[in-house]
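This is what each chain is made of:
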Amino acid sequence: MNALIQPSLAQKGWSWFSQALTQHSSFSGYLQPLIQMLVPQWTTDAYRAQVVEVRDEMADMYTLVLKPQTGLIDRQWPEFIAGQFIELMVEKDGARTLRCFSISSSPAYYQKTGLIELSIRIQQQGRITPWIRQQLEPGSLVNISQAQGDFILPETMLYRRKAEKLLLIAGGSGITPFRSMLQQQTMQQLAMNKSMGESSPQLDIHLLYYSRDDQQVAFQQELEQLQQDYKSLTISFVDSEKEGFICAEHLQAYCSDYLERTAFICGPSPMIQQARKVLAEFEVASDKINFEFFGAAPIEIENSEQGVVLFQASEKTLVSEKDKTNTLLEQAEEMGIKPVSGCRIGVCHQCICKKKSGVVFNTRTQEYSDTGCEEIQLCISVAQGDVVLDL
Amino acid sequence: MTTNLASNRPDAETLKAFENDLNKIREDTMAKVGEKDARYIRKIIRIQRSSDILGRLSLVLGFFNPLFWIAGVALLALSKILDNMEIGHNIMHGQYDWMNDPHINSRKFDWDIWGDGASWKRYHNHEHHTYTNIIGKDRDYGYGLLRLSDDISWRPKNRFQFITYTLLSSFFQFGIAYHEVAGERIFAGKPKGNSILPISREELKHSFFAKIKKQVFKEYLFFPLLAALISWPMFFAVLAGNMIAEFIRNWWTSSVIFCGHFTEDAQTFDEAECENETRGEWYYRQILGSSNFDGSRKFHILTGHLSCQIEHHLYPDVPAHHYVDMAKQVQQVCGKYNIPYNTGSFAQQYWTVVKRVAKYSFPTEQEQAAAVS
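Below you will find a few notes about this structure.

The rules we used
Residues numbered from 1 in each chain as written. Chains lettered and ligands numbered in written order. Predicted model: local features only at pLDDT ≥ 70, side-chain atom pairs only at ≥ 80, totals over all residues. Core = buried A, V, L, I, M, F, W, Y, C linked by C-beta atoms within 7 Å. Buried ≥ 20, exposed ≤ 12 C-beta atoms within 10 Å, placed from the backbone. Contact = placed C-beta atoms within 7 Å. Helix = DSSP H or I, 4+ residues; strand = E, 2+ residues; numbered from the N terminus. Pairing = 2+ DSSP bridges. Axes fitted to C-alpha atoms, helices over the stretch in contact; angles between N-to-C directions. Parallel < 35°, antiparallel > 145°, perpendicular 65-115°, else oblique. Nonpolar A, V, L, I, M, F, W, Y, C, P; charged D, E, K, R; others polar. Expected span 1.5 Å × (residues − 1). Bend = angle between axes of the 7 residues up to and from the residue.

Ranked by size, the top nonpolar core spans 82 residues in total, and within it A:Ile144, A:Leu168, A:Ile169 and A:Ala170 carry the most contacts. The residues contacting A:Leu168, other than those within four sequence positions of it, are A:Phe178, A:Ile205, A:His206, A:Leu207, A:Leu208 and A:Phe264.

Here it is, written out as structure tokens:
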């Protein structure tokens with residue numbers, strides 16, 4: 001394990017050599033501004049992708065069709081697994097902004113066409129999602145990260161004799177990773193049917209899809225088509241306006257064999273909390289519940305008093321109110337300190353900062369930190385009592 | 001003498017109004033910061049990287065024609081000046097952190113100079129910018145070598161401080177690395193009881209040597225050896241070219257910085273008087289302790305806009321190329337409240353620096369009298 005993480009002696013030497021000559025840890029970092037004159041948007045830490053199409057799915061949702069660039073200077077964008085997400089980086093007013101989106105199309109589709117799709121819900125108060133819709137057009141270049149995340153179906157399932165049964169629960173735009181998974185299953189199935197005949201095993205999937213109203217359901221037609229192509233897929237469309245959020249009755253009514261299934265949940269965080277609670281009450285083992293949410297989780301602080309956050313390097317202190325649950329990143333920005341930040345949801349690790357002392361609550365892992373000195377991610381850390389930061 | 005702040009400062013009410021006016025200038029400017037600034041700094045970086053590469057190439061072409069060698073020295077000096085002043089200094093002040101660009105970021109950036117960037121940033125941004133011109137607190141004040149105020153008692157070595165000054169400017173990058181950043185703290189041994197180091201002395205020591213090693217390798221070994229592959233005397237041609245480029249850069253940065261804080265009217269302060277300053281009082285002291293000089297736009301860029309030292313001290317994290325416009329407004333505000341604003345031509349300001357270095361080479365009359373009796 002260590003051998004993988006620690007750079008080899010040759011790598012270290014090369015990096016030293018580059019540092020000595022350019023003060024940058026890589027020559028490409030030093031040359032980047034010059035390379036960009038010939039190759040716009042080229043960066044050392046991300047891949048380039050061209051916008052092929054911007055397609056409106058609904059009034060408040062659109063799909064970006066991207067073609068990751070390949071060529072002499074562009075490194076090959078690595079393969080992804082259905083259900084994973086990427087960081088989309090755009091430069092707005094001179095500042096690089098990152099947002100994470102699930103890839104809503106399948107790896108099989110990417111292999112066939114070289115395209116990936118991101119389906120993006122327009123956040124009404126959002127700074128970036130409406131802007132991207134206006135700003136990007138076919139031909140625009142954006143930067144993307146490689147795909148990440150472990151919200152994926154166990155990959156070997158397709159070849160199991162007794163296929164595992166799955167329950168997918170989607171809320172609103174949380175459908176995007178499932179669209180990728182279902183598309184992948186269907187395309188693989190079609191390919192296998194060709195080679196093995198109709199008898200190839202199928203995954204038994206039940207999708208429980210909550211939308212706010214039945215007039216506008218993202219990808220409804222497409223999903224219905226998949227249901228026809230893929231025999232062991234059942235989809236229940238639920239209008240949460242009429243029928244409410246997920247509850248025990250829904251599970252029993254729509255998918256009575258839920259206890260045999262492994263659950264995958266994606267949607268707004270209150271929905272995820274609710275779904276997890278419902279499943280937990282039925283004593284579904286926690287390793288059979290997978291979930292993904294974008295947006296730092298809301299938390300309830302149980303017994304914290306008024307806390308003081310000391311930003312040591314900037315010599316600033318902030319007294320936060322008892323009921324405030326702002327992250328340390330937000331608090332730092334409130335104080336006029338501008339730490340490096342990226343995705344703001346605990347993914348990209350750019351806002352790593354040394355905590356000198358104090359306890360923070362990690363809204364992503366739902367864990368309390370140690371009291372000592374350690375590196376924390378500012379964007380998902382909430383101070384619990386007094387905290388000293390090297391910032 | 002250190003300025004008696006308490007008796008000279010305008011009253012609290014005036015200072016509050018003054019503070020608000022200065023804050024307003026900052027807000028108005030920050031509202032404008034955006035895409036144009038990103039384009040600007042990237043353009044300057046492109047110019048610097050191009051002149052670095054072309055300069056090194058040109059030095060080697062000196063093999064065919066000495067004119068290439070001269071052009072090479074000039075380009076390399078330009079590259080180093082831009083890298084240190086408009087790019088490195090300003091990026092490490094966090095002026096471009098909002099861009100969220102991993103290569104244009106105060107946390108990561110290092111510059112083409114002996115002093116390690118990260119160590120410099122920790123001390124400079126904190127000590128020099130907080131305790132500007134406070135005798136005993138601001139390490140930049142005279143760099144521990146020069147007596148530039150009668151608050152420091154005269155010692156016989158000061159008699160030769162004009163020579164010291166010439167040497168300091170010639171080897172300024174070592175001066176920075178040794179005195180301001182790290183060296184002295186490592187070697188002199190006596191850790192101050194009241195100073196809390198943000199990093200350990202071991203880390204400092206490591207960064208100090210690691211950075212110098214890299215710089216020596218690059219300028220005095222690698223590039224000269226590369227040229228020696230063509231013909232061995234080219235080793236010395238390139239070595240000399242690199243050293244001269246550094247020498248030009250050293251004198252330039254030293255002169256610009258001296259004009260920022262050690263002109264005739266730049267004042268000094270006593271530590272006790274600066275405790276519990278309000279923002280307005282802090283602004284006031286920053287203005288009294290700094291001085292500006294005029295020039296063309298290109299000239300300002302070459303100084304890294306430290307030609308607007310006053311504005312740099314008031315707004316260290318505002319992208320520096322806004323300083324020229326801000327200076328007009330700050331000067332107006334100072335006029336409004338009758339606060340002295342020290343500016344002039346580069347030649348004028350530099351002349352007063354030279355006079356100051358010369359003047360304090362000699363003991364004051366009291367000291368002379370005391371010595372006689």
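Right, picking up where we left off after that structure.
What follows concerns the interface of chain B and chain A. At the junction of the two partners, chain B supplies 26 residues and chain A supplies 19 residues. For the side of chain B that touches chain A, the secondary structure elements donating two or more residues are helix H3 (35-61) and helix H9 (201-228) of chain B.

Residues and elements named next belong to chain A. Taken in spatial order, the six strands line up as S4-S3-S6-S1-S2-S5 in an open sheet, and their pairing is antiparallel. Strands at the two margins of the open sheet, each flanked by one partner only, are strand S4 (95-102) and strand S5 (116-121). The mean angle between the axes of side-by-side strands here comes to 40 degrees, regardless of whether they run parallel or antiparallel. Sheet topology note: the strand S3 (residues 85-92)/S4 ladder contains eight bridges and is antiparallel. Bridge pairing in S4 links Glu87 to Cys100.

Another point: the packing of helix H2 (residues 12-32) of chain B against helix H11 (residues 279-288) of chain B. Each pair of packed helices gets described by two things: the angle between the helix axes and the distance between those axes. All names here are of chain B. Between H2 and H11, the shortest axis-to-axis distance is 8 Å and the interhelical angle comes to 75 degrees. Put simply, H2 runs roughly perpendicular to H11. Residues Leu15, Lys16, Phe18, Glu19 and Leu22 of H2 pack against Arg279, Gly280, Glu281, Tyr283 and Tyr284 of H11. Residues that form the contact of H2 with H11 fall into these classes: five nonpolar, one polar and four charged.

All names here are of chain B. End to end, helix H4 (residues 66-92) covers 37 Å across 27 residues, agreeing with the expected 39 Å (1.5 Å per residue, within 8%). Approximately 35 degrees is the largest bend angle found in H4, and it occurs at Asp83. Here H4 lies mainly inside the structure; 21 of its 27 residues are buried. Immediately downstream of H4, the backbone of Gly94 shows phi near 80 degrees, a positive value.

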